[in-house]
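Survey of secondary and tertiary structure
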Amino acid sequence: MSVPESTEAPMEPFRYTPFSSQIDLHFWHKLSDKKLHELKLCEDPVEFHAEYEVNLNIKDAVACVSYDSFDVSAGNSRVYRLAGKLLNKNSIETFKNCDKKNLLETSMNEIIANIKSGAALEDPNLLNRILLLSYADMKKYFFYYWCAFPSAMLNDTQHQLGSVIPVSDRLSDQNRERLAKNVGNLPFALINKTTFERCPVSKMKDDISGTHYIVFADPSSSETNAGWPLRNFLLMTAYHMPNETSDFEVIALRGTPRTFFEKSKIFSVRLLKVTFEEPGWIYVGYERNEKGQYGPRLANLSHCFDPLVLAQNAVDLNLKLMKWRLAPDLKLKQISEMKCLLLGAGTLGCNVARCLLGWGVKQITFLDNGKVSLSNPARQSLFKFADTHNGGRPKAEAAAAALKDIHPGLNVQYTDLKIPMPGHAVSANDVEPVREAVEKLEKLIEEHDAVFLLLDTREARWLPTMLGARHDKMVLNAALGFDSFLAMRHGTLKNKLGCYFCNDIVGPMNSTKDRTLDQQCTVTRPGVSFMAASFLTELFATLVQHEHGNDALPDNAFNDDADELDRNERDSPNNVLGLAPHQIRMFLSRLHFMTPNTQRFSMCTACSPSVLSEYGNSGFEFLLRAFNEPDFLEELTGLKEMQRMVDDMDVLALGDSDNDLSP
Amino acid sequence: MEFSGVSGMLIMSLSYEEFSSQAREFQEIAESLDDGWRLKGASDGKHYLYKTQYYTPPQVLNPCNADCSREQSVGATDSQVRESHEDGQQTFVWEYNIVYSVSYEVPALYFNVFKLGCAAPLSLDEVWDFCRLFGAPFGMNAEDLWSTVTQQEHPSTGVPNFALHPCNTQRMMQHLLNSLHFEKKNYLITWLSSVGPIVGIRMANAYCPAL
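Residues numbered from 1 in each chain as written. Chains lettered and ligands numbered in written order. Predicted model: local features only at pLDDT ≥ 70, side-chain atom pairs only at ≥ 80, totals over all residues. Heavy atoms only, no water.

**Describing the overall build of chain A**
Stated precisely, the cut-off is as follows: By the criteria applied, helices consist of DSSP H or I runs no shorter than four residues and strands consist of E runs no shorter than two, each listed in order from the N terminus. Type-normalised accessible area, obtained with a 1.4 Å probe on protein chains alone, sets the label of each residue: buried when under 20%, exposed when over 50%, and partly exposed for intermediate values. Here a residue-residue contact requires only that any non-hydrogen atoms of the pair lie within 4.5 Å. Per-residue accessibility takes into account occlusion by the displayed protein chains alone, with areas from the Shrake-Rupley method and a 1.4 Å probe.
Each helix and strand in chain A was counted, giving 22 helices and 25 strands. Within chain A, the fraction of its 663 residues that count as buried is 54%. For chain A, the share of sequence-separated contacts (at least 6 apart) that also reach a separation of at least 24 residues comes to 72%. Total accessible area computed for chain A in this model is approximately 28,500 Å², and 51% of it derives from carbon and sulfur atoms.

**Quick word on the nonpolar core**
Residue and element names in this part refer to chain A. Convention followed: Working definition of a nonpolar core: buried Ala, Val, Leu, Ile, Met, Phe, Trp, Tyr and Cys residues. They are joined through side-chain atoms within 4.5 Å.
In this structure, Trp-28, Leu-230, Phe-233 and Leu-301 are the most contacted members of the largest nonpolar core, which totals 105 residues. With seven residues, the single largest contributor to this core is strand E8 (residues 142-152). Grouped together as the second largest cluster of nonpolar side chains are 53 residues, Ala-327, Ile-364, Ala-396 and Ala-398 included.

**So, the environment of A:His471**
Residues and elements named next belong to chain A. Basically, it comes down to this: For this analysis, a polar contact is any N or O atom pair within 3.5 Å, provided that within protein one partner can donate a hydrogen and the other can accept it, and provided that sequence-adjacent residues contribute only side-chain to side-chain pairs.
Within the secondary structure layout, His-471 lies in the loop between helix H15 (462-470) and strand E22 (474-480). The sequence separation of His-471 and Asp-449 amounts to 22 residues, and the corresponding C-alpha distance is 9.9 Å. A distance of 2.7 Å separates a polar atom in the side chain of His-471 from a polar atom in the side chain of Glu-442.

**Quick word on the packing of aromatic side chains**
We apply this condition: Side-chain rings of Phe, Tyr and Trp, where Trp is taken by its six-membered ring, are said to pair if the distance between their centres is within 6.5 Å; with planes under 30 degrees apart they count as stacked, over 60 as edge-to-face, and otherwise as tilted. The rule is short: NZ of Lys or CZ of Arg within 6 Å of the ring centre and within 35 degrees of the ring normal puts a charge over the ring.
Scanning all chains against the criterion turns up 41 aromatic pairs over all chains. Taking the centre distance of 5.4 Å and the plane angle of 75 degrees together, the rings of A:Phe27 and A:Trp28 count as edge-to-face. Take A:Phe27 and A:Trp28: they sit in the same class, and that class is buried. Judged by centre distance (6.2 Å) and plane angle (35 degrees), the ring pair of B:Trp37 and B:Tyr96 falls under tilted. Taken together, the residues span a long stretch of sequence, with B:Trp37 in the loop between helix H1 (16-32) and strand E3 (38-41) and B:Tyr96 in strand E5 (residues 92-101) at a distance of 59 residues. Here the two residues B:Trp37 and B:Tyr96 agree in accessibility, since each one is buried. Ring pairs connect the aromatic residues B:Phe26, B:Trp37, B:Tyr55, B:Phe92, B:Trp94, B:Tyr96, B:Phe111, B:Phe130, B:Phe134, B:Phe162 and B:Tyr207, which therefore count as one cluster. Against the face of A:Phe95 rests A:Lys100, its NZ or CZ located 5.9 Å from the ring centre.

**Remarks on the packing of helix H14 (residues 431-447) of chain A against helix H19 (residues 620-628) of chain A**
Residue and element names in this part refer to chain A. This is how the line gets drawn: To obtain each axis, a line is fitted to C-alpha atoms, and for helices this fit is confined to the stretch in contact; angles are then taken between N-to-C directions over 0 to 180 degrees. Here the angle decides the label: under 35 degrees means roughly parallel, over 145 means roughly antiparallel, 65 to 115 means roughly perpendicular, and every other value means oblique. By definition, any crossing whose near helix is turned counterclockwise from its far helix by less than a right angle is left-handed, and any crossing with a clockwise turn is right-handed. For this scheme, ten residues count as nonpolar: Ala, Val, Leu, Ile, Met, Phe, Trp, Tyr, Cys and Pro. Four count as charged, namely Asp, Glu, Lys and Arg, and the remainder, Gly too, count as polar.
Contact geometry for H14 and H19: axes closest at 11 Å, N-to-C directions at 115 degrees. Viewed along their axes, H14 and H19 adopt a mutual orientation that is roughly perpendicular. In terms of crossing hand, the pair formed by H14 and H19 is right-handed. Where H14 abuts H19, its residues Val-431, Val-434, Arg-435 and Val-438 lie against Phe-620, Glu-621, Leu-623, Leu-624 and Phe-627. Each residue belonging to the contact of H14 with H19 can be placed in one class, and the counts come to seven nonpolar, no polar and two charged.

**Some words on the pairing of strand E24 (residues 583-587) of chain A**
All names here are of chain A. The line we're drawing: Any two strands with at least two DSSP-identified bridges between them are counted as paired.
Most of E24 is tucked away: five of the five residues are buried. Residues of E24 alternate between two faces, with Gln-583, Arg-585 and Phe-587 on one and Ile-584 and Met-586 on the opposite face, all of them buried. Bridge analysis of E24 against strand E25 (residues 592-594) gives three bridges, and the strand direction is antiparallel. Note on E25: the bridge partner recorded for Met-586 is Phe-593. The turn joining E24 and E25, which pair antiparallel and follow one another in sequence, is formed by four residues; a positive phi near 50 degrees is taken by Leu-591.

**Quick word on helix H13 (residues 395-406) of chain A**
Residue and element names in this part refer to chain A. Selection rule: Multiplying 1.5 Å by the residue count of a helix minus one yields the expected span of that helix.
Spanning 12 residues, H13 covers 16 Å between terminal C-alpha atoms, matching the ideal 16 Å at 1.5 Å per step. Those residues of H13 lying buried are Lys-395, Ala-396, Ala-398, Ala-399, Ala-400, Ala-402 and Leu-403. Packed against the buried residues of H13 are helix H11 (347-358), strand E19 (363-368), helix H12 (376-379) and strand E20 (411-416).

**Examining the sheet that holds E25(A)**
All names here are of chain A. With mixed pairing, eight strands are arranged side by side in an open sheet as E20-E19-E18-E21-E22-E23-E24-E25. One side of each edge strand has no neighbouring strand; the edge strands of this open sheet are E20 and E25. Across this sheet, the average inter-strand angle for adjacent strands is 10 degrees, counted without regard to direction. Pairing of E22 with strand E23 (residues 484-489), which is carried by five bridges, proceeds in the antiparallel orientation. Of the residues in E23, the one forming a bridge with Leu-480 is Phe-485. Sheet strands in contact with H14 are strand E18 (339-343), E19, E20 and strand E21 (450-453), and its direction is about 145 degrees off that of E18.

**A short note on the sheet that holds strand E6 (residues 106-115) of chain B**
All names here are of chain B. An order of E3-E4-E5-E6-E8-E7 is seen for the six strands of this open sheet, with the pairing classed as antiparallel. Edge positions in the sheet fall to E3 and strand E7 (149-153), since each has one partner strand and no second. In this sheet, adjacent strand axes meet at a mean angle of 35 degrees when their direction is disregarded. Looking at chain direction, E6 and strand E8 (residues 160-164) are connected through two bridges and run antiparallel. When the sheet's bridge partners are listed, Tyr-110 is paired in E8 with Ala-163.

**Thoughts on the interface of chain A and chain B**
Our working rule: What counts as a salt bridge is simple: a side-chain nitrogen of Lys or Arg found within 4 Å of a carboxyl oxygen of Asp or Glu.
Listed as interface residues are 72 residues of chain A and, on the opposing side, 58 residues of chain B. In this structure, A:Arg258 engages B:Asp34 in a salt bridge whose closest nitrogen and oxygen atoms are separated by 3.2 Å. Counting across the interface, chain A meets chain B through nine residue pairs in polar contact (both at pLDDT 80 or more). Along the lines of polarity and charge, the residues of the side of chain A that touches chain B split into 32 nonpolar, 20 polar and 20 charged.

**Notes on the side chain of B:Asn97**
All names here are of chain B. Tracing the backbone shows Asn-97 in strand E5. Separated by 2.9 Å, the side chains of Asn-97 and His-154 make a polar contact. Not counting chain neighbours up to four residues away, the residues in contact with Asn-97 comprise Tyr-48, Leu-49, Tyr-50, Ala-108, Leu-109, Tyr-110, His-154 and Asn-161.

What follows is the structure in structure tokens.
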């Protein structure tokens, strides 16, 4: 009973679906562990195994390597096993330079030896092996690897494909059931074509081509190809079969035992006898990489194993939750990419930095010229007692180090610098250091997107306010009173909001009740700095998210220049993070809270056109005069003139009595 | 299952023993259906369910970023293979774990997604694209579910996984189980059939004992 169809049909080359290795995270995790605690520098081969299934319903034939792949005992009745050797190299060089061709040949020669000796007839599992060559870069969590499934090529005359038909064309459901039962969990079997009894594989030494099916568990689901495991089995058959040429029918088991492998195919194949003595045997089996080339693959697992990357991901994920859950329009990247310059690393600087961390900001620069003193750690949340030793660590440096401890993935810089201030005269010897300080500060401001003024004196805020206006940066400013705080953003030319100094000199809108808050006063209720820092950071986030960014108008913007303001540009409550007020002022003792807006002041000593153009024209010379001459700025801006007018008005008002005018 | 009133709200939790026995029951049904779920023992001796599922999306969702080295000579080219993915279709591997959450006393779903042949899991954003795809036919809103997604280490292998946070499970289960009108209710199956589809877990009707 030969096979009429296959002998009549024209013969085609026989083709195989190669294994696709799926080496998962768990395996590399396990290998890292093994390398560190067990293998260390040993490069000896390690026994392991891969698994394959016949019911994946995908086109790829997957050889799966997972966390129990080193565990010899682990097993599952539904999967088939490929035993093999792991060769883990100690360096990328030995990985690259090791003789891969030789590795494959050695392994295939063992398989051929097992075929010749008959050992593989007794245990066909010896036919299919997996080689895994790897190098684990444990510092970067890079895993280089290359898999091979050794085989030898039968040429296109040595084996040819007749036809491929669905199993149901030949076998009834009942016979398939008997087949499934008799094959059981074996990867290979010889099954009698009429009785469906299984006979030992070694029976292939007799002529069984007409009487038996070759049955194998096929991980492929291809219509035209057989799965890889058959390849070496056919090699063995070609070696042991008694005739010079024979036609076999091969049942490729696909599907599940429950449905009696309903998706199976029958391949008819014509084999020529081989002796392995023929010249020109070609060994194959290395897996192609993602590019379709014969080459190693790289698994970059830093984002799974590197604690730094994991921490960064966890922070980002936490923020994404906020986006998904509450604010779908939130553009987190806009916030996290802001480069923030924190001027002052005291209570405000420490707390603002921590809030920015929470928002995922990745680049923070501290600037301060103080040292951590004994009273600081209790209030300034980034410092510890140890920072006060030996005269105190520089604050900017200590704050940066602490931030780095909290989140190592950050880009934190620091600068120890004293900001030159008006009214603090510069002696001749100090001119150069002061010039350098100014240049450094201006450069820092230029390099950052947002400047936070968290300084403890009013005059220290002047230069950065002026530079912030000059470079059109987002400037955020917080000041503390004993039980009150101010958190504000500086205005822009477009929104015409004032800066700290505009407001300070004309006073806030409600000037009778609300006086300026800082006035060099660092004696505050301890919670106030936390409040100010968090309000300021949230104002920053709101502003970054605002469609007009730094130019955003507050919701309750003044209407004086209504004609000039496009009303549509006004802040709407629909903004992602809500309102972006100009100023937030809070008075804790009264639990009173207000969000006034103040306009840009044409005579402002920090941001008025006269000041900015004078700095543009005279540069540092102008600054020196501002630092050294008490009334220079007032004169320049016309404030002095205004004050004189006010004084004159007082004189007129009081003019009735000469006595009142006497000094 | 427990029904206890706490300030007027029914609390629906699952003890570990119940979880364990329902997981066994679940695994038996899965085995009879060849559905691939396996019961595994974690390092703490607690059981969890595990399944790997392969999925080839109809269109290429994520082009594979090849991350590998130059071609190397290893002898002859194998002319007798036909690669299965030569048509450019990328297969994805989904790993699912159902573990018991001690803090919330409910089951929790952990998962990771890989491109076949790539060991590094997809990012959450990439996974999200799938979930939109999976959820659509069921009218499920991916955003709702994703509001509870978080990243957790796998209790047994220590590998980071995405996890559906169990904080809402009790509330959801109370709603679900009360609306079911058949006798034999398997908490685990009811829960998984509710949250599973959005991450690509399809459950045959045979899982439901009443049908």
